[in-house]
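# Structural description and commentary
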Amino acid sequence: MPTSNRSFAALIAASLLALPVAGCGPSYVRGSEVEGLDDAAMSTGIDRRDMEQLLHENLKSLMSSPVARQWAADGSRPTLAIYPLANETSEHIDSQLMALLSDVETFMVNSQLVTVVSVERQMQMIAEIEKQHGGGFDRNNIAEYNRQLGSRYYLTGKVFTADERAAGERRVQYFMFMQLIEVATSAVLWQNKAAFTKALIQN
Amino acid sequence: MGRWLHALSTATTALFLSLGQAGCAGHESRVQNALAALNEGKPAQAAAHLNEEMKVGSNDELPQLTGDNPLLLLDRGNILLAMDRNKLSARDLGAADKSIDMLDMSRTAVDEIGKYIFSDDSGPYRAPPHEKLLINTINLMNYLALGDLSGAKVEARRLAIMQKYLRDHEETTALIGLGSYLAGFAFEKSGGASEALLYYDDALRYAQYPSLRDPLRTLVRDEPKSPGIKALIGGAGPLPSVAETGEAELLVVVGFGRSPRKVPNRIPIGLALTILANDISPADRAQANALAAKGLVTWVNYPTLTAARGSYTIPTFSLDGAPVRMEQAIDIEAEVRKAWRKVEGTVILSALTRTITRVVAGEVVQGVTQAVDKDSGPLGLLLGLLTSATLTVADTPDTRAWSTLPAQIAISRIRVPAGQHELVLSARNVTKRARLNLRPGGWAFVPMMALR
C-alpha cells in the first residue's frame, strides 16, 4: 500500500476511534472550576444569587431603619418570628424561598438586636397546627402562630414578578417585598422593596 | 468504466446526502408503542415505552432535555397524571414547559410555520399555542390534586403570561376557559377573591360554566362586577360560603379520549395542485405540472391529523352512590383541528415546493450521468429516478405533537357536607375510586385522565 494511502487509512481509523470520545455530551462542573459560572444567568428564572442579592438589599434597609436603630439604642432585644416569603412569581421557587429563611435567621441573630424564634422549631409548630386543620402553611393564620410563639414582631414578605414576552424575547422583573410587623397592633414598622430585571434578548 | 463509476458515485453521494437531510423515521413512530399501550388501558406500560425512547430507567428520572425529549416528557407527564403520580407529573410538565418554546402564530409567520412543520423536524420542537396553554392548565390539575395552592398559583401566572401573549397577537382559543377556571379556583381557595373573580370572568368569555354559578354568588355578594358574571348569576341572591355553612367543596375534572395526532400522509401531486390552486405560484405550478407529466413526481408527503379517540364518550361521576352532573369544560379535539386548519394549506404548499426541489435534484443527477457518458441513458434515468424516489420516500414530514392530549375535558363542582365521601369516576372503561375526608370549609380536587 502506498504511504499516502496508509496515512489516509490511519487518519480515518483515528477519526472513527475519536468519535465516541468526542461525543461524550455534557459534564457537570463546580463553580470554582469555571470562571464566572456563578455570574452568568442561565435563564430568565430567579436563581440563588438573585435571591441573595434581593434579600441582602432588603436586610440592609432594615438595619438602617428607625426601628432597628431604636432596638440598638434601648438594647431590649425583642422576640422576632420569621415567616416564609410568599411566592407570587411565575416560577416554582417555594423550596428556595424556604431555604432563604435560614439566611434571614442567621443575619438577624448576628445583628444582636433581636431574639429570633428558631425557624426550624417555628416551622415544626406551624406544621403541627396546620396538620390539625388538615392543610399546609396558611398565611392567613399568621396571627394565630404569633400568639402561640409569643413573638412581639414578625418579619415576612413576598417575591413577585412582572413578565413580558415579545417575539422571541422575554423580560422578567423580580421584586422582593419585605415587611416588619408589630404583632399586637399589626402596624407596619418597616417595609422595603428590592428589584432587578432579567431578560432574554435575541442578538 | 471510470465514467460509469463516477456517475454511480455522484448518484450515491446524492442519495446519502438526501438521506442525511431526510433524517430518521417520524415522531409518530417514537410514540407508537406508548399509544398502543394506552389503547389497551396500560398507562404504566406506556410510560415505560416512553422511558425507553428517552433512555431513562424509570419514571423517577428526568431525561436530558435535548432533541424531542421535552415533547416525550409532556406525554409521560400526562400519563403520570393518569396514574395519580401528581408530583412526578408536575415535575415532568414543568421541565418540558421550560424547554418548549411557542410557535409564533402571527400572520407574518404563517409561511415559516408551513416550512417549519413540514420540513424541520430535526430542529427543537415548538408547540402551537393550544399545547403551550394546556401545559399550564394540566399542571394546575397536578398542583391542585396535591393541595399545593402556591404551586397552582405559579402555574396560573404562567398561564396568564401565555394568554396575554396570545391576546397581544390577536389569537384566541377556547382552551383558555378551563385554565382560567382552575386558576380562579386556586386563587379563591388561597383567599384571593379579587384575583379569582378576574380569572372566573375570563373563563366565562370562552364558555358558560353552570358549575361556577354558586361559587360566583358567594364571591360577588350580590355585586356582579362584569356582564359575564351577571348573566350567569341571573339575579340569584348571594350565597353563604362553605366556611360559613360548615360544608366543603369538591371539584372534579375528567379528561378522556385522545386528541387527533399527526401522521405522515401521501397524496397524488394532482390532488395537491388542486388543493393549492389559489396559493401556488405560477412558476411552481408550471414546474409541478411538467414534472407530473413526466411521471417523475406522483406523490407529495405531508403531515395530517388522524381521527380522535373517544370524542363522544360521556364520563360519569357518582358521589356516595348518587350520580352527579358533569359539564363539558373544553373540546380539545375541536381546538386542535381549528389550529391545524389554519396552517394546513401552507404545510401542503411547503411539502409540494420541497418535492419539486428534490425531483429537480434527481433530474440534475440524471443530467450529470448523461453528460459523463452519452451511453448512460438508462443508467442516468435509473439513478435520477432512484434519487428522486428515495428523496420522496425518505421525506419525513414533521409529525411531532403532544400525542397524549385528551380529546375532551369535563368538569363538575359541588358543595358537599363535611366528612367522609366515596367518589367514583368513569370514562372509556377506566374507573377511578377515591375516598375523601373533607373538613368544614375545606375542599378537594380530584382529576382523572382516561387516555384510551
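Residues numbered from 1 in each chain as written. Chains lettered and ligands numbered in written order. Predicted model: local features only at pLDDT ≥ 70, side-chain atom pairs only at ≥ 80, totals over all residues. Heavy atoms only, no water.

## Section: the sheet that holds strand 10 (residues 419-427) of chain B
Residues and elements named next belong to chain B. Here 4 strands make up an open sheet; going across it, the order is 7-6-10-11 and the pairing antiparallel. A single partner strand is all that each edge strand has here, and the edge strands are strand 7 (322-324) and strand 11 (430-438). With strand direction ignored, the average angle separating the axes of adjacent strands in the sheet is 25°. Bridge count for strand 6 (residues 316-319) against strand 7 is 3 bridges, and the pairing is antiparallel. Residue serine 318 lies in a different strand from strand 7, and its bridge partner there is proline 323. (Pairing = 2+ DSSP bridges. Helix = DSSP H or I, 4+ residues; strand = E, 2+ residues; numbered from the N terminus. Axes fitted to C-alpha atoms, helices over the stretch in contact; angles between N-to-C directions.)

## Looking at the side chain of Thr137(B)
All names here are of chain B. By the secondary structure assignment, threonine 137 is in helix 7 (residues 129-145). With a relative accessible area of 1%, threonine 137 lands in the buried category. Excluding its chain neighbours within four sequence positions, the residues that come into contact with threonine 137 are Leu159, Leu178, Gly179 and Leu182. (Buried < 20%, exposed > 50% of the residue type's maximum accessible area, 1.4 Å probe, protein only. Contact = heavy atoms within 4.5 Å.)

## Some remarks on the packing of helix 2 (residues 27-39) of chain B against helix 4 (residues 69-82) of chain B
All names here are of chain B. Running from N to C, helix 2 and helix 4 cross one another at 10°; their axes reach a closest spacing of 12 Å. By the angle between their directions, the pair helix 2 and helix 4 is classed as roughly parallel. Contacts from His27, Arg30, Val31 and Leu38 in helix 2 reach Asn69, Leu71, Leu72, Asp75 and Ile79 in helix 4. Among the residues forming the contact of helix 2 with helix 4, the class breakdown is 5 nonpolar, 2 polar and 2 charged. (Parallel < 35°, antiparallel > 145°, perpendicular 65-115°, else oblique. Nonpolar A, V, L, I, M, F, W, Y, C, P; charged D, E, K, R; others polar.)

## Quick notes on the pairing of strand 6 of chain B
Here is the key point about a regular strand: its side chains alternate between the two faces of the sheet. Residue and element names in this part refer to chain B. Alternating positions in strand 6 separate cleanly, Phe317 and Leu319 being buried on one face and Thr316 and Ser318 remaining unburied on the opposite face. Relative to strand 10, strand 6 is paired through 4 bridges, and the arrangement is antiparallel. From the neighbouring strand, threonine 316 faces strand 10, where its bridge partner is serine 426. Between the end of strand 6 and the start of strand 7, which pair antiparallel, lie 2 residues, with aspartate 320 showing a positive phi angle near 50°.

## Some thoughts on unusual backbone geometry
Residue and element names in this part refer to chain B. Despite not being glycine, aspartate 84 has its phi angle at roughly 60°, a positive value. Mapped onto the elements of the fold, aspartate 84 is located in the loop between helix 4 and helix 5 (86-99). Judged by its relative accessible area of 38%, aspartate 84 falls in the partly exposed class.

## What about the sheet that holds strand 12 (residues 443-450) of chain B?
Residue and element names in this part refer to chain B. With mixed pairing, 4 strands are arranged side by side in an open sheet as 8-9-3-12. Pairing within the sheet leaves two strands with one partner each, and these edge strands are strand 8 (327-331) and strand 12. Each strand axis lies, on average, 20° off the axis of its neighbour in the sheet, ignoring direction. Of the pairings in the sheet, the one linking strand 3 (residues 247-256) to strand 9 (residues 408-417) comprises 10 bridges and is antiparallel in character. Bridge pairing in strand 9 places valine 253 opposite isoleucine 411. Taken strand by strand, helix 9 (residues 176-189) contacts strand 3, strand 8, strand 9 and strand 12, and its axis lies near 25° from that of strand 9.

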